[in-house]
Amino acid sequence: MNKELDAAIARLSDEIRRYPAPIARCDEQLTELLERRARLLAERARAATPACSPDSIWINDGGFNAA
C-alpha cells in the first residue's frame, strides 16, 4: 500500500510541478490537487505511525507506579 501511496503522491507532485503559470489566487483546480496530495501525505503518515492501544499508553505513562 505504501508503494501505491508513494506513486500517487509522486504523480500529483509532478502534476503540480507542471501546472501552467501564471496561477490565479482563485484557481480551484490547483487547490484541489494540493488538497488531494495533502490527504495522501497524511494517510501515508498515519500508516507509518503505529497506533498505541489504551493499555500500552497506560503502561508507558507509569501504570501503577505513576506519580
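To be clear, the structure that these remarks concern was listed above.
Okay, so let's go over this structure. (Residues numbered from 1 in each chain as written. Predicted model: local features only at pLDDT ≥ 70, side-chain atom pairs only at ≥ 80, totals over all residues. Heavy atoms only, no water.)

Some points on the nonpolar core
Our working definition: By convention a nonpolar core is built from buried Ala, Val, Leu, Ile, Met, Phe, Trp, Tyr and Cys residues, the set being connected through side-chain atoms within 4.5 Å. Burial status follows relative accessibility: with a 1.4 Å probe on protein chains alone, a residue under 20% of its type maximum counts as buried, one over 50% as exposed, and anything between as partly exposed. Under the DSSP-based scheme used, a helix requires at least four consecutive residues in state H or I and a strand at least two consecutive residues in state E, with every element numbered from the N terminus. Contacts are assigned to residue pairs that have any heavy atoms within 4.5 Å of one another.
The biggest cluster of nonpolar side chains holds nine residues, and these are L5, A8, I9, L12, I16, Y19, L30, L33 and L40. Looking at this core, the elements that each hand over two or more residues are α1 (2-17) and α2 (28-48). The dominant element in this core, judged by the number of residues it contributes, is α1, at five residues. Those residues in contact with L12 that lie beyond four places of it in its chain are L33, R36, R37 and L40.

Some points on the environment of L30
If you trace the backbone, L30 turns up in helix α2. Using a relative accessible area of 11% as the deciding quantity, one classes L30 as buried. Put simply, L30 and P20 are 10 residues apart on the chain and 9.8 Å apart in space, counted from C-alpha to C-alpha. Beyond its immediate sequence surroundings of up to four residues, L30 is in contact with I16, Y19 and I23.

Notes on the pattern of salt bridges
Basically, it comes down to this: A side-chain nitrogen of Lys or Arg and a carboxyl oxygen of Asp or Glu constitute a salt bridge if their distance falls within 4 Å.
Enumeration over the complete set of coordinates arrives at four salt bridges. Between D14 and R17 there is a salt bridge; the shortest N-O distance is 3.4 Å. Linking D14 with R17, this pair stays in helix α1, spanning three residues, or about one helical turn. On the basis of relative accessible area, D14 is assigned to the partly exposed category, the value being 28%. One network of salt bridges, with partners in common, ties together D14, R17 and R18.

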